[in-house]
Amino acid sequence: GGIKEHNIGKNRIYDLAVGKLGQKVVVVYSADTDGDMQTCDDAELFAFDGKTSERLTDNAVADVSPKFAEIGGSQRLFWYCDGAVCERGNTGSGKEAISPEAGVEPEFSVITGNGKTMIVWETLNAGEITTTIYGIDRTDSGWGSRYVLYKGEDYVTSRVSGVIEKNGPSLLHMNTANVFED
């Protein structure tokens, strides 16, 4: 118990998530590694277990937006990496789960329920003043193809969240704002 303080110096933390890697509860965070706020390709993932920090990624692209989801009885870590979504189990360095061609945005969400998993994200179509929310389902053989879940004439102002119902559609939640042209 108690609150643990973890000092990473002057480096900026972009985002974080709490979950389990192996048997340890950890805070996975994305942090700037060179102290230069003008660059973003040096953001890497770290796991803090309350005592020590372990570097999870080390590459020349930004690793951001960590998220945990329980799949098949164990927690998986997902994150955005150079246009792709990467995935890691309890061990290993992680691998690309969804390629950049799918068009996933950094602010994606992982939605689970009833033994199913999907990744959802929104894309703002500024020229049309519309928002499109896409989804990709996880299947037994990997990840499927992108499809449209929602398209509307408004802006999504929060991350999309939701749950997958047992015998029905996925329920999504998001805040939206209408935008009017003068």
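See the structure printed just above.
So, a few notes on the structure that sits alongside this text. Treat the numbers as computed from the prediction; the structure is a model and nothing was measured. (Residues numbered from 1 in each chain as written. Predicted model: local features only at pLDDT ≥ 70, side-chain atom pairs only at ≥ 80, totals over all residues. Heavy atoms only, no water.)

### A few points about the environment of Ala69
Worth spelling out the cut-off: Under the DSSP-based scheme used, a helix requires at least four consecutive residues in state H or I and a strand at least two consecutive residues in state E, with every element numbered from the N terminus. Contacts were defined at the residue level, with two residues in contact if any of their heavy atoms lie within 4.5 Å.
Turning to its location among the elements, Ala69 is positioned in strand 5 (residues 63-71). Linking Ala69 and Lys20, residues 49 residues apart in sequence, is a C-alpha distance of 9.6 Å. Setting aside residues up to four positions removed in sequence, Ala69 forms contacts with Ser74, Gln75, Arg76, Phe78, Val110 and Thr112.

### Quick notes on the pairing of strand 5
Selection rule: Buried residues are those whose accessible area, probed at 1.4 Å on protein chains only, stays under 20% of the maximum for their type, while exposed residues exceed 50% and partly exposed ones sit between those limits. Between any two strands, pairing holds if DSSP finds at least two bridges.
Counting buried positions along strand 5 yields 8 of 9 residues, so the element is predominantly enclosed. In this structure, strand 5 lies alongside strand 6 (residues 74-81), joined through 7 bridges in antiparallel fashion. Bridged to Ile71 within strand 6 is Ser74.

### With respect to the side chain of Ser109
Within the secondary structure, Ser109 sits in strand 9 (residues 109-113). According to the relative accessible area criterion, Ser109 is buried, its value standing at 9%. Sequence-distant contacts of Ser109, that is, excluding residues within four places in its chain, are made with Lys67, Met118, Ile119, Val120, Arg159 and Val160.

### Some words on unusual backbone geometry
Even without being a glycine, Ser65 presents a positive backbone phi close to 55°. Tracing the chain through its elements places Ser65 in strand 5.

### What to know about the pattern of salt bridges
How we decide: Salt bridge criterion: a side-chain nitrogen from Lys or Arg within 4 Å of a carboxyl oxygen from Asp or Glu.
Considering all chains together, one arrives at 4 salt bridges under this definition. Between Glu87 and Arg76 there is a salt bridge, with the nearest N and O atoms lying 2.9 Å from each other. Of this pair, Glu87 sits in strand 7 (residues 84-88) while Arg76 sits in strand 6, and the two are 11 residues apart along the sequence. We classify Glu87 as buried; its relative accessible area is 3%.

### Focus on the sheet that holds strand 2 (residues 24-32)
Heads up, the condition is: Here an axis means a line fitted to C-alpha atoms, over the contact stretch when the element is a helix, while the angle between two N-to-C directions is reported on a 0 to 180 degree scale.
Across the sheet, 4 strands lie side by side as 1-2-3-4; this open sheet has antiparallel pairing. Where the open sheet ends on each side, the last strands, each with one partner, are strand 1 (13-21) and strand 4 (53-55). Strand-to-strand twist of the sheet, defined as the mean angle between neighbouring strand axes without regard to direction, takes the value 25°. Strand direction decides the pairing type here: strand 1 and strand 2, joined by 8 bridges, are antiparallel. Following the sheet pairing, Gly19 is matched in strand 2 by Val26.

### What about the packing of aromatic side chains?
Which entries qualify depends on this criterion: Stacked, edge-to-face and tilted labels apply to pairs of Phe, Tyr and Trp rings (six-membered ring for Trp) whose centres lie within 6.5 Å, assigned for plane angles under 30 degrees, over 60, and everything in between, in that order. Sitting over a ring, as applied to charges here, requires NZ of Lys or CZ of Arg to be within 6 Å of the ring centre and within 35 degrees of the ring normal.
Taken as a whole and assessed by the stated rule, the structure comprises 3 aromatic pairs. Taken together, a centroid distance of 5.5 Å and an interplanar angle of 15° make the contact between Tyr29 and Phe46 stacked. Here Phe46 lies in strand 3 (residues 43-48) and Tyr29 lies in strand 2, a separation of 17 residues in the sequence. There is no split in this pair, since Tyr29 and Phe46 are both buried. The aromatic ring of Phe108 is capped on one face by Lys67, whose charged end is 4.5 Å from the ring centroid. Sitting over the face of the ring of Tyr134, Arg146 holds its NZ or CZ atom 4.1 Å from the ring centroid.

### Looking at the environment of Ser93
For Ser93, the location among the structural elements is in the loop between strand 7 and strand 8 (95-98). A residue is classified by how much of its surface remains accessible, and Ser93, at 56% relative accessible area, is exposed. In sequence terms Ser93 and Leu56 are 37 residues apart; their C-alpha atoms lie 6.7 Å from each other. Among residues more than four places away in sequence, those in contact with Ser93 are Leu56, Trp79 and Arg88.

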